[in-house]
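Below, each chain spelled out in residue letters.
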Amino acid sequence: TGLAVGMGVGQVLLVLLAASTVMPVKDPLLNICMDAKHHKTKPGPEGMLHDQCAPWKDNACCTANTSSEAHKDQSNLYNFNWNHCGLMPPKCKRHFIQDTCLYECSPNLGPWIEQADSSWRRERILHVPLCKEDCEEWWEDCKDYVTCKENWHKGWNWATGTNRCPWGSMCRPFSHVFPRPKDLCEKIWSNSYKYTTEHRGSGRCIQMWFDPAQGNPNIVVAKYYAWKKRSSPAWMENVTPVTDKAECALPWPVLVLLSLALVVVPGGAGGCGSH
């Protein structure tokens, strides 16, 4: 009978529904690589990453070649010259190398990826909350170096194919160009980073430096900020609601199957809420 068929189909759909609830739903903000010049399309293990990029080798958005180039004074990655105002001291340079490794290799920057209107990348990071220690040690080790620019993303003289100080600019100590650690971390790469008072290990800030033997601390940080972003009104406005009840926070395959089951099973009524 039609009733029996309906019940049979309904039972099948309910079995599928139950199965789909245990299927992992991929979070679009987690474990991803940005769409930029040297990034892989998706993260994965690398046999060997060079020196300071090594912490990411188990799951990286960069290749071994990219990690090697990140350590060179005149890198082929962007033809960028660290020594534009004289030789950058090694203790300072290691922070810029680590910064490059984080940018190129980390699969944990998803919550801060934004569209970029640039000829060399479609996406960028914006306002990544950097741990207090990472930012302050960077500034401390670089404060005696000299530079001619506050924002290193743009405004250089590229006439020779590499970045040189723009005409009329002066080389000044870092501590003059960036009076505080906050100035360095936020201004040097067009607000890619945000200075925070959060400490390493808090689960609330991204670390440029970490010991891979202790695991990657940025995984839990990305999860926390992904949750915060999904909970924000702006995020919710950009997501087409499946139901009019916020409580119905089920994965979309579950909702599709549930709606089919309710149509097929006679007498199926009611949604996630009773009214």
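The structure we're discussing is the one just above.
Residues numbered from 1 in each chain as written. Predicted model: local features only at pLDDT ≥ 70, side-chain atom pairs only at ≥ 80, totals over all residues. Heavy atoms only, no water.

## A few points about the pattern of salt bridges
Right, so step 1: Counting across every chain of the model gives 11 salt bridges.
Right, so step 2: Between D134 and R200 there is a salt bridge, and its shortest N-O distance comes to 2.7 Å. Of the two residues, D134 is situated in helix α4 (residues 132-142) and R200 in the loop between β6 (193-195) and α7 (218-231); the sequence distance between them amounts to 66 residues.
Right, so step 3: On the basis of relative accessibility, which here comes to 31%, the residue R200 falls in the partly exposed class.
Right, so step 4: Taking the shortest distance from any N to any O, the salt bridge between E137 and R200 comes out at 3.1 Å. Residue E137 is found in helix α4, and its partner R200 is found in the loop between β6 and α7; the two are separated by 63 residues along the sequence.
Right, so step 5: Counted as one network, the salt bridges with shared partners bring together E150, R180, D183 and K187. (Salt bridge = Lys/Arg side-chain N within 4 Å of Asp/Glu carboxyl O. Helix = DSSP H or I, 4+ residues; strand = E, 2+ residues; numbered from the N terminus. Buried < 20%, exposed > 50% of the residue type's maximum accessible area, 1.4 Å probe, protein only.)

## Brief notes about helix α3 (residues 90-105)
Right, so step 1: Here α3 is 16 residues long and its end C-alpha atoms lie 21 Å apart, about the 22 Å a rise of 1.5 Å per residue gives.
Right, so step 2: Counted residue by residue, α3 has 13 buried out of 16 residues, so it is predominantly covered. (Expected span 1.5 Å × (residues − 1).)

## Considerations on the packing of aromatic side chains
Right, so step 1: This model, assessed by the stated rule, comprises 19 aromatic pairs.
Right, so step 2: Seen in terms of ring centroids, Y145 and F174 are 5.6 Å apart; in terms of plane orientation they differ by 50 degrees. Their pairing is tilted. In this pair, Y145 is assigned in the loop between α4 and β4 (146-147) and F174 in helix α5 (residues 174-177), connecting sequence segments 29 residues apart. Comparing Y145 with F174 shows no difference in burial state: the two are buried.
Right, so step 3: Here the aromatic rings of Y224 and W227 are separated by 6.2 Å at their centres, their planes lie at 35 degrees, and the arrangement is tilted. One end of the pair, Y224, and the other, W227, are both in helix α7, 3 residues apart, so they sit about a helical turn from each other.
Right, so step 4: Among the aromatic residues, ring-to-ring pairing joins F80, W82, F96, W138, Y145, W152, W156, F174, F178, W189 and Y193 into one connected group.
Right, so step 5: Taking NZ or CZ as reference, K149 lies 5.6 Å from the ring centre of W156, over its face.
Right, so step 6: Over the ring of Y224 we find R204; its NZ or CZ atom is 3.6 Å from the centre of that ring. (Phe/Tyr/Trp six-rings, centres within 6.5 Å; stacked < 30°, edge-to-face > 60°. Lys NZ or Arg CZ within 6 Å of the ring centre and 35° of its normal.)

## A short note on unusual backbone geometry
Right, so step 1: Phi is positive for N31, which is not a glycine, with a value near 55 degrees.
Right, so step 2: Within the element layout of this structure, N31 appears in the loop between α1 (2-21) and α2 (64-69).
Right, so step 3: If you check the backbone angles, H127 has positive phi at about 60 degrees while not being a glycine.
Right, so step 4: Here H127 lies in the loop between β2 (123-125) and β3 (128-130).

## Examining the nonpolar core
Right, so step 1: F96, W138, W152, F174 and I188 are the most contacted members of the largest nonpolar core, which has 49 residues in total.
Right, so step 2: Elements with a contribution of two residues or more to this core: α3, β3, α4, α5, α6 (181-187), β6 and α7.
Right, so step 3: Per element, the largest residue contribution to this core is 7 residues, and it comes from α3.
Right, so step 4: With near-sequence residues (within four places) excluded, W138 lies in contact with H95, F96, D99, L130, L184, C185, I188, W189, Y193 and M208. (Core = buried A, V, L, I, M, F, W, Y, C linked by side-chain atoms within 4.5 Å. Contact = heavy atoms within 4.5 Å.)

## What to know about the state of the cysteines
Right, so step 1: A complete count under the given rule lists 8 disulfides for this structure.
Right, so step 2: Each sulfur in the disulfide pair C53 and C101 lies 1.9 Å from the other. Judged by the sign of its S-S torsion, about -80 degrees, the cystine formed by C53 and C101 is left-handed. Of this pair, C53 sits in the loop between α1 and α2 while C101 sits in helix α3, placing them 48 residues apart in sequence.
Right, so step 3: Judged by relative accessible area, C101 falls into the buried class, the value being 0%. (Disulfide = S-S within 2.5 Å.)

## Brief notes about the environment of T63
Right, so step 1: In this fold, T63 is placed in the loop between α1 and α2.
Right, so step 2: When the C-alpha atoms of T63 and E104 are compared, they prove to be 8.9 Å apart, with 41 residues separating the residues in sequence.
Right, so step 3: Other than its neighbours up to four places away in sequence, T63 contacts K40, E46 and L49.

## Things to note about the environment of L49
Right, so step 1: Within the fold, L49 resides in the loop between α1 and α2.
Right, so step 2: Taking C-alpha positions, L49 is 9.0 Å from A60, a pair spaced 11 residues apart along the chain.
Right, so step 3: In this structure L49 touches A54, W56, K57, A60, C62, T63, A64, S67 and C105, once residues within four positions along its chain are discounted.

## Concerning the side chain of N83
Right, so step 1: Its place among the elements puts N83 in the loop between α2 and α3.
Right, so step 2: With relative accessibility at 18%, the residue N83 sits in the buried group.
Right, so step 3: Among the polar contacts listed, one links the side chain of N83 to the backbone nitrogen of M88, at a separation of 2.8 Å. (Polar contact = N/O pair within 3.5 Å; in protein donor to acceptor, adjacent residues only side chain to side chain.)

Just geometry here; none of it tells us what the structure is for.
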